[in-house]
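# Breakdown of the fold
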Amino acid sequence: MLGGKRILLIIGGGIAAYKCLDLIRRLRERGAAVTPVMTRAAGEFVTPLSVAALAGETVHSDLFDLTAEAEMGHIQLSRVADLVVVAPATADLLAKMAGGHADDLASTLLMATDTPVLVAPAMNVRMYEHPATQRNITLLKGDGVRFVGPNAGDMACGEHGPGRMSEPMEIVAAIEQAMGDGPLRGKRVLVTSGPTHEPIDPVRYIANRSSGAQGTAIAKALVALGAEVVFVTGPADAPRPVGCEMVEVESAQEMLGAVQDALPVDAGVFAAAVADWRVKVASGSKIKKEKGKLPTLEFIENPDILATVSQMSEGRPGLVVGFAAETCDVIGNAQAKRLRKGCDWIVANDVRPETGIMGGTENAVHLISEGGVEDWPRMGKDEVARRLAVRIAEALARES
Ligand code: CTP
């Protein structure tokens, strides 16, 4: 997919720069040509020699390099690429981009380019969460800059949280997505997935058997068609899909908040198995055993995320797809659910244990819309996802 494409890779000065060596290899394996640019600080973390050897091209780093300027001016350098990728994008580089600075080769190229830009931020968690960085990210997103990551986890500096640069293969997936010309290119789609955990006390929770497999497969299928996917997931077993904007939540209330933050979107697919109830007052400390005394849990209803989004009077996604997990009168119940919640489509499935669907790899679904009911044969969850993604693309194309 990347054959014949040229990527201008701007390497910023952060410890994550070492991952760029692998990124360059992965891109070249896929047929892309990589023009490397390093900031002065990047040279403190990886050597231009390693970068040049892997890219098979000269490393550009000096704005006032007369030899390079004679061969290819920096304006031209910024325009020969199909995509500009900034990895790692440090807090400083993001600030320069947001402020329109052009005081070194990297920032000048970013100002001079007319090609799409994808950035992979990497920095200490405090720097990432600092209001200045968050403000810059918002500004850049508003300018049409695409983002991949950062991920949360242990950091080289010993702290923990969001700020780790995405892994090379995640960046490759984002690059393929940015350059893809699938039918969902330019469309933003939200997917909810997995179970929710509703706390009883700090160590206990109520959950369900959802593995997140179907939601994950749908996110992947949408990415493959070129969509920008926001993946809001509860604590699920399924490996995370790459190439998505990932939001990890625990409870139904957190999931609703994450969904509302992700709007506006062109379409929403609500595949999560959201807990219908939560414990009214979760205990702040661990509930201790007391001889002869059994605890009683009082429940209250969780917000219905699908219904909330379906019934929005302003900013409702153009297409809202819900799921119905039923154990009897599958179609009748699902049709009633579609009307009750106000979504456009319902993907209904039979989750009686003997079907092996909940937690399994296959699914047999009925697609229910205003137009009627379609029965799809039993097939792998990946295939259900691909078919659904194609149908979503067709529906959005009809709309625009
Ligand atoms: N859903 C949601 N928020 C909830 C409950 C469900 O967004 N609090 C969404 C699910 O993601 C799914 C759809 O609603 O897309 C159907 O969920 P399901 O649990 O099958 O339906 P319920 O509304 O819980 O109805 P019932 O329990 O009567 O089957």
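Predicted, not measured: the structure shown is a model, and the values here were computed from it. Think of each chain on its own: its residues are numbered from 1, step by step along the sequence as written. Totals for whole chains, interfaces and linings use all residues, but because this is a predicted model, local features are given only for residues with pLDDT of at least 70 and pairs of side-chain atoms are given and counted only at 80 or more. Calculation of side-chain values draws on the structure's entire complement of heavy atoms; hydrogens and water are dropped beforehand.

Helix and strand definitions follow DSSP, with helices as H or I runs of at least four residues and strands as E runs of at least two, each counted in order from the N terminus. The secondary structure content of the protein chain amounts to 14 helices and 21 strands. Throughout, radius of gyration means the C-alpha value; the globule benchmark is 2.2 Å times the number of residues raised to the power 0.38. The C-alpha atoms of the protein chain give 24 Å as radius of gyration, which agrees with the globular expectation for 400 residues (21 Å, within 12%). Reported as C-alpha extents along the three principal axes, the dimensions of the protein chain are approximately 80 × 55 × 40 Å. Three labels apply to residues, based on accessible area from a 1.4 Å probe with only protein chains included: buried if under 20% of the type maximum, exposed if over 50%, partly exposed otherwise in between. A total of 400 residues make up the protein chain; the buried ones form 50% of that total. Any pair of residues with heavy atoms lying within 4.5 Å of one another is described as a contacting pair. Considering only contacts in the protein chain between residues 6 or more positions apart, those separated by 24 or more positions represent 67%. What sets the accessible areas is the Shrake-Rupley method with a 1.4 Å probe; for residues, cover comes only from the shown protein chains. If you sum the accessible surface of the protein chain, you get close to 19,300 Å²; carbon and sulfur atoms cover 51% of it. A residue counts as positive if it is Lys or Arg and as negative if it is Asp or Glu; His and the chain ends are not included. For the purpose of locating charges, the reference atoms are NZ of Lys, CZ of Arg, CG of Asp and CD of Glu. Side-chain charges in the protein chain split into 41 positive and 50 negative, and the spacing between the mean points of these groups amounts to 5 Å.

The subject of this paragraph is the sheet that holds strand β3 (residues 83–89). Two pairing modes exist for strands in a sheet, parallel and antiparallel, and in both the strands are linked by backbone hydrogen bonds. A pair of strands is labelled paired if DSSP reports no fewer than 2 bridges between them. Read from one edge to the other, the open sheet built from five strands follows the order β2-β1-β3-β4-β5, with strand pairing classed as parallel. Looking at the sheet topology across the chains shown, the edges are occupied by β2 (33–38) and β5 (146–147). Taken together, the four bridges between strand β1 (residues 6–11) and β3 define a ladder with parallel strand orientation. Each bridged residue has a counterpart across the sheet, and for I7 the counterpart in β3 is L83.

Whenever a carboxyl oxygen of Asp or Glu lies within 4 Å of a side-chain nitrogen of Lys or Arg, that contact is scored as a salt bridge. Across all of its chains, the model carries 25 salt bridges by this definition. Between D22 and R26 there is a salt bridge; the shortest N-O distance is 3.3 Å. Of the two residues, D22 and R26 are both situated in helix α1 (residues 18–29); the distance of four residues between them amounts to about one turn of the helix. Exposure remark for R26: the relative accessible area of 22% places this residue in the partly exposed category. Residue E394 is joined to R391 by a salt bridge in which the shortest nitrogen-to-oxygen separation is 3.8 Å. Of this pair, E394 and R391 both sit in helix α14 (residues 381–399), three residues apart, which is roughly one turn of the helix. Note on R391: relative accessible area 25%, which makes it partly exposed. Through salt bridges with shared partners, a single network forms among D22, R26, E29, R30 and E176.

Before going further, it helps to examine the packing of aromatic side chains. Pairing of aromatic rings covers Phe, Tyr and Trp, the last through its six-membered ring, and needs centres within 6.5 Å; plane angles under 30 degrees mean stacked, over 60 mean edge-to-face, and all others mean tilted. Summed over all chains, the structure comprises zero aromatic pairs. The rule for a charge over a ring is simple: NZ of Lys or CZ of Arg within 6 Å of the ring centre, and within 35 degrees of the ring normal. In this arrangement the basic side chain of K141 is found over the ring face of F147, its NZ or CZ atom lying 5.4 Å from the centre. We note R387 situated over the ring of W376; from NZ or CZ to the ring centre the distance is 5.6 Å.

Judged by pairing direction, the sheet is mixed, and its eight strands sit side by side in the order β12-β11-β8-β13-β16-β17-β19-β20 without closing on themselves. The two strands at the open ends of the sheet, each matched to only one other strand, are β12 (245–248) and β20 (372–375). Between one strand axis and the next, the sheet turns through 15° on average, direction left out of account. Axis definition: a line fit to C-alpha positions, over the contact stretch in the case of helices; interaxial angles, taken between N-to-C directions, run 0 to 180 degrees.

Below, the discussion takes up the UniProt feature "binding site: CTP" (unreviewed entry) in the protein chain. UniProt positions are given in the numbering used here, feature names are shortened, and annotations may be inferred rather than shown by experiment. Within this numbering scheme, the UniProt entry marks D276, K286, P303, D304, I305, L306, F323, K337 and K341 as carrying the feature "binding site: CTP" (unreviewed entry). On the basis of their most widely separated C-alpha atoms, the annotated residues across 66 residues do not gather in one place, lying as much as 37.4 Å apart. By secondary structure assignment, the location of L306 is in helix α12 (residues 305–310). Every residue in contact with L306, bar those within four places of it in the chain, is listed here: F270, V320, V321, G322, K341 and C343. Not counting chain neighbours up to four residues away, the residues in contact with K337 comprise F323, A324, A325, E326, G342 and I346.

Put simply, buried Ala, Val, Leu, Ile, Met, Phe, Trp, Tyr and Cys residues joined by side-chain atoms within 4.5 Å make one nonpolar core. Judged by nonpolar contacts, the single largest core of 34 residues is most densely connected at I218, L222, V269, L388 and I392. Broken down by secondary-structure element, the contributors of at least two residues to this core are β8 (188–193), α10 (213–224), β11 (228–233), β13 (267–270), β16 (319–326), β17 (345–350), β19 (365–369) and α14. Broken down by element, this core gets its largest block of residues, eight residues, from α14. In contact with I392, not counting residues within four places along its chain, are L222, A267, V269, L319 and W345. Core analysis: the next-biggest nonpolar cluster, separate from the first, contains 32 residues, L2, I24, V172 and I175 among them.

Close contact between helix α5 (residues 91–99) and helix α8 (residues 131–142) brings their axes to 9 Å; oriented N to C, the two are set at 50°. The orientation of α5 relative to α8 falls into the category oblique. In this structure, α5 meets α8 at a crossing whose hand is left-handed. Only T133, N136, I137, L139 and L140 of α8 make contact with α5, whose side of the interface consists of A91, L94, A95, M97 and A98. Any residue outside Ala, Val, Leu, Ile, Met, Phe, Trp, Tyr, Cys, Pro, Asp, Glu, Lys and Arg is labelled polar, Gly included; the first ten of those are nonpolar and the last four are charged. In terms of residue class, the contact of α5 with α8 is built from eight nonpolar, two polar and no charged. Roughly parallel covers angles under 35 degrees, roughly antiparallel covers those over 145, roughly perpendicular covers 65 to 115, and oblique covers all other angles. It is the rotation of the near helix from the far one that decides the hand of a crossing: anticlockwise by less than a right angle makes it left-handed, clockwise makes it right-handed.

This paragraph deals with α14. Take the residue count of a helix, subtract one, and multiply by 1.5 Å to get its expected span. Between the first and last C-alpha of α14 there are 27 Å, a value that for 19 residues agrees with the 27 Å anticipated at 1.5 Å per step. Of the positions making up α14, those classed as buried are K381, V384, A385, L388, A389, I392, A393, A395 and L396.

Time to look at the site of the ligand. Residue proximity to a molecule or strand is established when one non-hydrogen atom of the residue lies within 4 Å of it. With respect to spatial proximity, 15 residues lie near the ligand, and among them F270, A272, L306, F323 and K341 are the closest. A 3.5 Å cut-off defines polar contacts: any pair of N or O atoms within that distance qualifies, except that in protein one atom must be a possible hydrogen donor and the other a possible acceptor, and neighbouring residues in sequence count only when both atoms are side-chain atoms. One of the side-chain N or O atoms of K337 is found 2.9 Å from an oxygen atom in the ligand. Separating an oxygen atom of the ligand from a side-chain N or O atom of K341 is a distance of 2.6 Å. For the ligand, the accessible surface in isolation is 570 Å², of which the surrounding protein chains cover 78%. Secondary-structure elements contributing two or more residues to the shell around the ligand are α12, β16 and α13 (330–341).

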